[in-house]
Every structure is written in structure tokens, then in C-alpha cells.
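Fold and geometry: a report
Letter by letter, the chains look like this.
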Amino acid sequence: MGSEPGSTRDNPIPRPSARVVLLDSTDRILLFRCNALDDENPDFWLTPGGGLNDGETHEAAAVRELWEETGLTGVPLGPLIWTRRHVMLWNEKWVDSLEHFFVVRTDDFVVSHANLDENEAKFIQETHWWSLPEIIRAKDEEIFAPRRLSELLAPIIAGEIPISPIDTGL
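Basis of the calculations
- Residues numbered from 1 in each chain as written.
- Predicted model: local features only at pLDDT ≥ 70, side-chain atom pairs only at ≥ 80, totals over all residues.
- Heavy atoms only, no water.
- Helix = DSSP H or I, 4+ residues; strand = E, 2+ residues; numbered from the N terminus.
- Rg over C-alpha atoms; globule rule 2.2 N^0.38 Å.
- Buried < 20%, exposed > 50% of the residue type's maximum accessible area, 1.4 Å probe, protein only.
- Contact = heavy atoms within 4.5 Å.
- Phe/Tyr/Trp six-rings, centres within 6.5 Å; stacked < 30°, edge-to-face > 60°.
- Expected span 1.5 Å × (residues − 1).
- pLDDT = per-residue confidence, 0-100.
- Pairing = 2+ DSSP bridges.
- Salt bridge = Lys/Arg side-chain N within 4 Å of Asp/Glu carboxyl O.

Scanning the protein from terminus to terminus reveals four helices and nine strands. Mapped in sequence order, the helices and strands of the protein form the string β-β-β-β-α-β-β-α-β-α-β-α-β. At 16 Å, the protein has a C-alpha radius of gyration in line with the 15 Å of a compact globule built from 170 residues. Once the C-alpha set of the protein is aligned to its principal axes, its extents read approximately 55 × 35 × 35 Å. Residue burial in the protein is summarised as follows: out of 170 residues, 43% are buried. Taking all contacts inside the protein whose residues are at least 6 apart in sequence as the whole, residues at least 24 apart take part in 66%.

A word on unusual backbone geometry. Cis geometry is adopted by the peptide bond preceding Pro 146, which originates at Ala 145 and carries an omega value of 5 degrees. You can see Pro 146 is positioned in the loop between β8 (144–145) and α4 (149–157). The backbone of Asp 27 shows a phi angle near 65 degrees, a positive value even though the residue is not glycine. Take Asp 27: it is sitting in the loop between β1 (13–23) and β2 (29–34).

Scanning the entire structure with this criterion turns up five aromatic pairs. When the centroid spacing of 5.1 Å and the interplanar angle of 85 degrees are considered together, the rings of Trp 130 and Phe 144 count as edge-to-face. Taken together, the residues Trp 130 in strand β7 (residues 124–130) and Phe 144 in strand β8 connect sequence positions 14 residues apart. For Trp 130, a relative accessible area of 7% gives the class buried. Residue classification places Phe 144 among the buried residues on the basis of a relative accessible area of 3%. What links up through ring pairs into an aromatic cluster is the set Trp 45, Trp 130 and Phe 144.

Position of Cys 34 among the secondary structure elements: in strand β2. Residues Cys 34 and Pro 165 lie 131 residues apart in sequence; the distance between their C-alpha atoms is 25 Å. Setting aside anything within four residues of it in sequence, one finds Cys 34 in contact with Asp 43, Phe 44, Leu 46, Phe 123 and Gln 125.

Glancing now at helix α1 (residues 58–70). Here α1 spans 18 Å end to end across 13 residues, near enough to the 18 Å set by a 1.5 Å rise per residue. Those residues of α1 lying buried are His 58, Ala 61, Ala 62, Arg 64, Glu 65, Leu 66, Glu 68, Glu 69 and Thr 70. Looking one or two residues beyond α1, the residue adopting positive phi is Gly 71, at roughly 85 degrees.

Before going further, it helps to spend a moment on the confidence of the model for the protein. Summarising the model, the protein shows a mean pLDDT of 91, and 96% of its residues fall at 70 or more. Across the protein, element-level confidence peaks in helix α3 (residues 132–138) with a mean pLDDT of 97 and bottoms out in helix α2 (residues 118–123) with 83.

Two elements, β1 and strand β6 (residues 93–105), share eleven bridges in a ladder whose sense is parallel. Within β6, the residue paired with Arg 15 across the bridge is Ser 97. Where strand β5 (residues 80–90) meets β6, ten bridges bridge the pair, whose relative direction is antiparallel. From the neighbouring strand, Leu 89 faces β6, where its bridge partner is Trp 94. In sequence, β5 turns back onto β6 through a hairpin of two residues, with Asn 91 there showing a positive phi of about 55 degrees.

Before going further, it helps to spend a moment on the pattern of salt bridges. Summed over all chains, the structure comprises 13 salt bridges. Taking the shortest distance from any N to any O, the salt bridge between Asp 24 and Arg 28 comes out at 2.6 Å. Taken together, the salt bridges that share partners define one network made up of Glu 56, Arg 64, Glu 65 and Glu 68.

Structure follows, in C-alpha cells:
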């Protein structure tokens, strides 16, 4: 007899997700400091994004999540650049998050969290536009998701879009 899906780390619920690597006019990336939602893990920095709704594509979810978490609308969604898979605790269930990262370039704007749902409001603790040098300097003190963000971000900022998405690892 197996455990109910989502009840353990070894039996997570699949959760397809979309994330946005949002870059401003000075090549800074928008990241959220997020609460790990458990006592065992430290906070970490993550791009805007989240799980797909039923029947939703990764692209549609990326656009929706960008609006929910930043208030930004009307920007063209760029290409799929990265993928990442990790197991995490979300809404008191273990999920196998299968993330697709899309790049978006935007002019400067004021981030709004007015459209966050209750769970997102608990999860997102702080918003910050990070330059690549800041990420490189902070990578030993802060946790970024994906962990190789500084390495992966440099080519994207330089306009080098991968032919096929890169698996970022954790």
C-alpha cells in the first residue's frame, strides 16, 4: 500500500510550472526573496512564476504569473531558455516542480504585488532588481534558484539564446 501522492518527498504530485527571467533596460533581473515555508530551509531568491492552471500552456502561465506577481502586462514573451526540476513542499503537499523559464525584456516599471493570491503573499518576502555583478558577489551568502543563476544569466544578458532549453539542475 503506497502513500497518498503529495504526502511525502518520495511521492510528490507533478506540478508543471512557468517562470520568467525578467530583464530591465539595464540588464538587471527581477527576483523575489521567498520563504521556504518550512523550518528546515533558508529563504531563497527566485524569478516570477508558478504552476500551470488546468489546460493552461507554459506560455500562458508565464504571462499570467508575470501579471499576478509584478502587475506587468503587454510585454512579448521571449523564448524558452531553461528548464529545471525539483521537489518542494507547496501548500502542505510535496510537488515535483517541472519549470520552464522564458526570457522577457522590459522597460523600467514599478512592481506591484496587488494581484498576489494568499499563498503567493506568504511566499514572497521581498522584491529586488539584481545586476549580474551583484548576484556574483552575493552567491556565497544568498541562495538563488536556479543555483547556477550567475553562470546561466551571463549569456542571456549578452543576447545568446540557446537553441534548445538548458537544464539548469537545482
